[in-house]
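Descriptive structure summary
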Amino acid sequence: MTFMNDDRQYVWHPFRQEKNSQPLLGIVRGKGALLFDEQGGSYLDLVASWWLNLHGHAHPTIAKAIGDQALVLEQVLFADATHPQAATLARRLVEVLPESLTRIFYSDNGSSAVEIALKMAYQYWYNQGRTERRRFIAFEGGYHGDTFGAMATGRTTGFYKPFESYLFQVDFMPYPDTWEGDPDVDAKEEVALAWLETYLVQHAKEAAAMIMEPLVQGASGMRMCRPTFIQRVAKLLREHDILVIFDEVMTGFGRTGELFACQKIQVTPDLICLSKGLTGGFLPLAVTAATEAIFEAFLGDTFDKAFAHGHSFAANPLGCAAALASLSLFEEEDTLSAIRRINSIHREKINWLSERHPFIQYGRVMGGIAAFNLKTSGKGSASATGRRLKEEFQKRGLFLRPLGSVIYLIPPYCITSDQLIHGYEQIDDVMKVMYEELMTLQGEFDGV
Ligand SMILES: *Cc1c(COP(=O)(O)O)cnc(C)c1O
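Residues numbered from 1 in each chain as written. Predicted model: local features only at pLDDT ≥ 70, side-chain atom pairs only at ≥ 80, totals over all residues. Heavy atoms only, no water.

Quick notes on the site of the ligand
Put simply, the rule reads: Neighbouring residues are identified by heavy atoms, a residue being near a molecule or strand if any of them is within 4 Å of it. Any pair of N or O atoms that falls within 3.5 Å is considered a polar contact. Within protein, one atom must be able to donate a hydrogen and the other to accept it, and sequence-neighbouring residues count only if both atoms are side-chain atoms. Each accessible area is a Shrake-Rupley result for a 1.4 Å probe, and residues are judged covered by the shown protein chains and nothing else. Side-chain classes follow a simple rule in which Ala, Val, Leu, Ile, Met, Phe, Trp, Tyr, Cys and Pro form the nonpolar group, Asp, Glu, Lys and Arg form the charged group, and the remainder, Gly included, forms the polar group.
Near the ligand you find W51, N109, G110, S111, Y143, H144, G145, E213, D247, V249, M250 and K276, and these make up its full shell. Between the ligand and the protein, one listed contact pairs an oxygen atom with a side-chain N or O atom of S111 at 2.5 Å. Within the side chain of D247, an N or O atom sits 2.7 Å from a nitrogen atom of the ligand. Considered on its own, the ligand offers 380 Å² of accessible surface; in the complex 83% of this is hidden by protein. For the shell around the ligand, a count of residues per class yields four nonpolar, five polar and three charged.

Right, here's the structure in full:
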């Protein structure tokens with residue numbers, strides 16, 4: 001396994017303590033929901049490879065679109081030129097997004113899409129001489145990427161301690177995460193809304209925008225909230241002209257059951273960030289979509305009103321070709337019905353697991369996403385158990401990556417019912433094998 005030796009010697013992996021993490025999987029091939037290692041061992045990709053993949057690995061339609069495009073035009077600078085794939089994709093996205101999102105700004109990763117949204121929101125006010133509008137609001141537990149602006153708005157995830165003193169001020173609102181049969185959901189929502197009402201009395205005129213992951217906070221543990229709650233938050237923000245930014249980098253492209261979470265909530269944000277599933281998970285591409293009102297606030301006779309931001313690979317033609325192919329697959333393969341099928345298996349199996357294992361709590365499902373927590377009220381070491389869990393999943397051919405005490409599934413939509421049910425049976429088996437250990441967990445899990 002030469003490439004594994006090279007990897008050990010030369011590579012530095014993301015979000016990983018290289019000193020004591022479990023061994024890496026060496027993946028040489030993918031097909032549908034499966035990943036294969038060099039020995040031909042297969043792993044069911046139950047996390048869509050960090051929430052990217054939609055229609056399956058190495059899907060021939062997307063692979064062909066990329067190959068064909070590479071033979072025609074691989075890249076052109078996007079400041080003073082354009083190309084058919086970027087223009088067509090922009091039109092297609094505007095067609096499927098809520099009506100008032102009409103302008104597509106391209107970049108190449110989710111963190112950048114977030115930085116762009118934050119900068120657009122701030123400069124929108126600045127260009128109108130409203131420099132007092134400089135505060136940002138975000139939810140506790142929200143994750144928006146790992147660049148500085150994204151870290152500032154996501155600092156309550158606890159990932160960024162070394163950088164704390166460099167992060168700009170953000171005002172954090174309580175987030176009422178909930179689950180099946182949660183008796184306190186109304187009370188939690190009222191606490192959060194009361195916080196916002198008080199905040200608005202003091203600071204409404206100083207707030208530029210609120211950024212949020214609508215309906216599901218991914219990285220902080222697939223924490224879900226109710227659509228009606230987001231509706232009420234958006235209404236309050238709107239009453240005070242505060243811009244609403246939806247970071248749909250994870251929730252976009254069907255994860256919550258609709259193409260976008262904003263459609264499920266029936267709230268149109270002023271700015272929306274998309275990446276991850278945009279290309280079907282094939283290539284790095286991102287967009288920040290804005291309303292015409294925001295676009296127009298950047299028009300002027302001099303450059304200083306313009307948005308001075310651009311990435312070398314903005315609107316890369318290969319990425320745009322992949323995104324167009326992925327969007328067409330939503331229709332050709334009736335992807336939204338596949339998500340409904342996955343959703344009903346999730347519901348049944350999360351209940352089944354919860355009934356069988358006393359240490360499972362907070363079972364929750366939305367669209368193609370399912371999650372539950374492991375209770376950590378005993379006295380065993382959670383951090384050692386986290387590594388053992390990954391090993392046990394791996395041994396059974398599952399590619400899962402728990403977030404702390406949260407085990408979640410967010411499979412590619414091409415997963416067959418048999419594959420998904422098999423996945424749940426294997427998870428059940430791991431829970432049985434590790435019963436003693438899981439009954440006595442305590443403290444924090446390591447890593448993310
Ligand atoms: C992954 C993620 C990001 C960051 O995207 P990258 O492409 O990893 O930079 C931002 N926001 C959310 C909600 C995400 O899940």
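Some points on the sheet that holds strand 3 (residues 42–45)
Short version of the rule: Only when DSSP finds a minimum of two bridges between them are two strands counted as paired. Each helix corresponds to a stretch of at least 4 residues labelled H or I by DSSP, and each strand to a stretch of at least 2 residues labelled E; elements are numbered beginning at the N terminus.
As summarised here, the arrangement of the four strands in space is 1-2-3-16, forming an open sheet in which the pairing is mixed. Bordering the open sheet on either side are strand 1 (27–31) and strand 16 (398–399), each of which pairs with just one other strand. As paired strands, strand 2 (residues 34–37) and strand 3 are joined by three bridges and run antiparallel to one another. From the neighbouring strand, F36 faces strand 3, where its bridge partner is S42.

Considering the packing of helix 4 (residues 84–96) against helix 11 (residues 317–332)
Heads up, the rule is: Axis lines are fitted through C-alpha atoms, for helices just across the contact stretch, and the angle between N-to-C directions can take any value from 0 to 180 degrees. Should the near helix be turned counterclockwise from the far one by less than a right angle, the crossing is left-handed, whereas a clockwise turn marks it as right-handed. What makes two residues a contact is simply this: any of their non-hydrogen atoms within 4.5 Å.
It is the contact of helix 4 with helix 11, at a shortest axis distance of 9 Å, that shows an interaxial angle of 35 degrees. Relative to helix 11, the crossing made by helix 4 is left-handed. Here Q85, A86, T88, L89, R92 and L93 of helix 4 come into contact with helix 11, specifically with P317, C320, A321, A323, L324, L327 and E331. Looking at side-chain class alone, the contact of helix 4 with helix 11 contains nine nonpolar, two polar and two charged residues.

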